[in-house]
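Summary of structural features
So you can see what is in the structure, the chains are spelled out below.
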Amino acid sequence: LSDPNQKSGNLGKVYLVGAGPGDPALVTLRAIECLGQCDAVLYDYLANERILHWANPAATKICLGKHGVGKIWTQDQINQKLLSLASENKTIVRLKGGDPLIFGRSGEEIDALIHAQVPFEIVPGVTASVAAAAYCGLPLTHRQSASSLVLVTASRKDGDHECCDYKALANFPGTIAVYMGTTTVEYWANELMRFGKSPDTPVLIVRNATLPNQKVLSCQLGQVVQTVIGPPRLRPPAIFLVGEVVNHLPAQNWFMNKPLFGQTIMLTRAEHQNDEARNTLEAKGAQVLSHPMIQITASGENQVLKICNSLHRYGWIVFTSRNGVTNFFEQLFQLGKDARVFGNVRIAAIGKSTSRQLEHYYLNADLVPAEFRSEALVEQLQARINPDQRVLIVQGSRSRGVLPSGLKEAGINFDSLIVYRSDDVQTADAEIYSKIAEGEIDWVTVSSPAIARNFARLFGDVVDKIKIASLSPVTSQAIIESGLVPTVEADPYTFDGLIDAIQNHVQIYSK
Ligand code: SAH
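Below or above, wherever it landed, is the structure these notes cover. (Residues numbered from 1 in each chain as written. Predicted model: local features only at pLDDT ≥ 70, side-chain atom pairs only at ≥ 80, totals over all residues. Heavy atoms only, no water.)

Residues in close proximity to the ligand total 17 residues, the closest being Asp99, Ile102, Thr127, Ala209 and Ala238. For the ligand, whose unbound accessible area comes to 540 Å², protein coverage reaches 94%. Across the shell around the ligand, the residue classes tally to 12 nonpolar, 4 polar and 1 charged. (Near = heavy atom within 4 Å. Areas by Shrake-Rupley, 256 points an atom, 1.4 Å probe, with all protein chains shown as cover. Nonpolar A, V, L, I, M, F, W, Y, C, P; charged D, E, K, R; others polar.)

Below, the structure is given as structure tokens:
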């Protein structure tokens, strides 16, 4: 990235950045670079807010208005804000849906910047028509039916000023991509036909292109008004692709045929644990929301220090969860120590995600019971441990007592080291609550008894509106004891197993 600090005088710099059509993965590397270094982001309602995750955490984030939510900024107000931030020597990202130079009114912003001598750069984005075609598998040009493409906006901006020459457009031989055509459908469709475009011309309508709620309708120009007006009425944002190429639409939509397309899934673990599950679910086409039920905080630093100085006394160290591993090593590292404290101590892990977390620290667990339960571990430890050896259990403040009592029963000496606290999140997010109540969330993932209990407590009144995916029999038992019913249960008891269980259910019942 060219040095954003290299500003002319005291006039900051503005990056006009395309956010792409919706799918955050369609944003450019350059956009991410700019976001990472800016002081302020001004974004449109069409720019997916998830893209803001790449923004400098210290940057001010200003939403310029969503339809129906709060005020919508006028172009003048936006220009003024850009100039006033620039005069404070700020680096600003002006983030716009799709490509900034296509129906984005960037021309007006560029004029204002040039006039005020504010330096700027432009980062293109994937525009909606191109993205919609791609996410339907539709070629926009085709050797047999269209060798040109035109992008038009059907909005009638200036009252008496016609935006489009419909006579020319009706005779245009290629594909027509109509932007902002939902509310004006009667006007543009009738104008095209009035000037001779055949009512039989095929039309593809793509709403929320590239997003997990993408909707695709196809019809002919003669029925497009009816198709939009409904009921149900089709709401923006939608793009209309008009022309013979639409006849080449594949019967199968590669994007919408993903196994979890159309499913909205709520994750409930602590946010930092979600990355992998989120990626897997999104790759399968699901829409993912997060509402942590449990908050994880580090604890027990002094104990870690004491124990790592005497770790050699133990024959085995048992990690019972991924959080245990992360918190143990973070504390160890903060104390100026590292994995050498392990010496000859052998390592056991409950669950694949726990052993995988150990691999991040280049440690191979010596024992990972095939069955991901404390009970299985006790049996296998018993077979391997010398009678004079002690075991150290690394766990959280609310870990189940099964492992300690199992070890006790088996006559194995042990100590417990609590490296993190886990506390219930106290309030339900109002937006998620109402989404569940409206039936807009299909699944909740429940991966521990504590999560089960807190989910029941926070969402008790609306739980019958959502399907519950449980991680294991132990979790299912807690779900049932909380008065709820798990719809599916993972087997094996891993998060991947849980995703598979959801997928199997969806394949049988929803598709
Ligand atoms: N600069 C944007 C266009 C802004 S105009 C771009 O290059 O894509 C807003 C119009 O874009 C909407 O009315 C709709 O026609 C279209 N649009 C934007 N995002 C869309 C999406 N995800 N799905 C369908 N149409 C979309």
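With that out of the way, let us pick up the packing of aromatic side chains. Within the structure shown, the criterion is met by 15 aromatic pairs. Taking the centre distance of 5.0 Å and the plane angle of 70° together, the rings of Trp188 and Phe240 count as edge-to-face. Of this pair, Trp188 sits in helix H6 (residues 185-194) while Phe240 sits in strand E10 (residues 238-242), and the two are 52 residues apart along the sequence. Here the aromatic residues Phe319, Phe328, Phe329, Phe342 and Tyr361 are joined through ring pairs into a cluster of three or more. Geometry around Trp443 places Lys467 over its ring, the cationic atom sitting 5.3 Å from the centre. (Phe/Tyr/Trp six-rings, centres within 6.5 Å; stacked < 30°, edge-to-face > 60°. Helix = DSSP H or I, 4+ residues; strand = E, 2+ residues; numbered from the N terminus. Lys NZ or Arg CZ within 6 Å of the ring centre and 35° of its normal.)

Attention now moves to the pairing of strand E18 (residues 443-446). Both faces of E18 are covered, namely the face carrying Trp443 and Thr445 and the face carrying Val444 and Val446. Where strand E11 (residues 264-267) lies against E18, 2 bridges are found, and the strand directions are parallel. When the bridges of E18 are listed, Ile265 appears paired with Trp443. Note: E18 against strand E19 (residues 467-470), 4 bridges, orientation parallel. Within E19, the residue paired with Val444 across the bridge is Ile468. In terms of handedness, the path from E18 via helix H15 (residues 449-459) over to E19 forms a crossover that is right-handed. (Buried < 20%, exposed > 50% of the residue type's maximum accessible area, 1.4 Å probe, protein only. Pairing = 2+ DSSP bridges. Right-handed = clockwise from strand over helix to strand, strands pointing away.)

Residue Pro231 follows Gly230 across a cis peptide bond; omega there is 10°. With respect to the helices and strands, the residue Pro231 is situated in the loop between helix H7 (224-229) and E10. For the peptide bond that leads from Pro231 to Pro232, omega is 0°, which places it in the cis range. The residue Pro232 is located in the loop between H7 and E10 in this model. Of note, the phi angle at Gln117 is positive, near 60°, even though the residue is not glycine. With respect to the helices and strands, the residue Gln117 is situated in the loop between helix H3 (106-115) and strand E5 (120-123).

Spatial strand order, E12-E11-E18-E19-E20: 5 strands in an open sheet with parallel pairing. Of all strands in the sheet, those bounded by a partner on one side alone are strand E12 (287-290) and strand E20 (488-489). With 4 bridges connecting them, E11 and E12 associate as parallel partners. Paired with Met266 across the two strands is Leu289, which belongs to E12.

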